[in-house]
Amino acid sequence: MNHADIDALTQDQRAPDLAELGNGVAGTSEVPLAMLMDLTLPLSIELGRTRMTVQDILRLGRGSVVQLERLAGEPIDLYVADRRFAEGEVVVLGEHFGVRITRIISNLTPGEGNA
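Residues numbered from 1 in each chain as written. Predicted model: local features only at pLDDT ≥ 70, side-chain atom pairs only at ≥ 80, totals over all residues. Heavy atoms only, no water.

Enquirer: Account for the overall build of the chain, naming residues and giving values.
Expert: Secondary structure assignment for the chain yields two helices and four strands. Its helices and strands in sequence order give the chain the pattern α-β-α-β-β-β, from N to C terminus. For the chain, the proportion of its 115 residues judged to be buried stands at 10%. The contacts of the chain with a sequence gap of at least 6 include a subset with a gap of at least 24, amounting to 33%. (Helix = DSSP H or I, 4+ residues; strand = E, 2+ residues; numbered from the N terminus. Buried < 20%, exposed > 50% of the residue type's maximum accessible area, 1.4 Å probe, protein only. Contact = heavy atoms within 4.5 Å.)

Here it is, written out as structure tokens:
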């Protein structure tokens, strides 16, 4: 195939007919909330943080205790998709741990609470 053949093929090209797709969501300014209800997002619960040397990390084993910067009884943070969403407290449910949400954060700014 030479350049003349390629030019002949590309001159006959038409834009695709996308009318069958309709306006979809792109034609509106807001996405209906119902479209997001089945969306799965990561949930992280932060009990606390600490800094350790690699040497100290390598010494960790079964039964090791890692001291966190947070005090007992302080609220824990819940993050949804890396955004601080709520505060809670640790509860024990039988043999499992859980979190009771005590406060929803109203101002969801990106990176809030990330150190």
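Still more to cover.
Enquirer: So, the layout of surface pockets: which residues are in play, and what are the values?
Expert: A water-sized probe rolled over the atoms picks out the places where empty space is left. Taken as a whole, the largest pocket holds about 220 Å³ of empty space. Contributing to the lining of the largest pocket are 13 residues, with Leu71, Gly73, Glu74, Ile76 and Val90 lying nearest its centre. If you tally residues by element for the lining of the largest pocket, the top one is strand S3 (residues 83-93), at three residues. By residue class, the composition of the lining of the largest pocket is seven nonpolar, three polar and three charged. (1 Å grid on protein atoms, 1.4 Å probe; cavity = no way out; pocket = protein on both sides within 12 Å on 5 of 7 lines; lining within 4 Å. Points joined across faces, edges and corners; volume = space filled by probe spheres on them. Nonpolar A, V, L, I, M, F, W, Y, C, P; charged D, E, K, R; others polar.)

Enquirer: Quick one: what's the story with unusual backbone geometry, residue by residue and with numbers?
Expert: One non-glycine residue, alanine 81, adopts positive backbone phi at about 50°. Position of alanine 81 relative to the elements: it lies in the loop between strand S2 (76-80) and S3. Within the chain, aspartate 82 stands out as a residue other than glycine whose phi angle is a positive 65°. Positionally, aspartate 82 belongs in the loop between S2 and S3.

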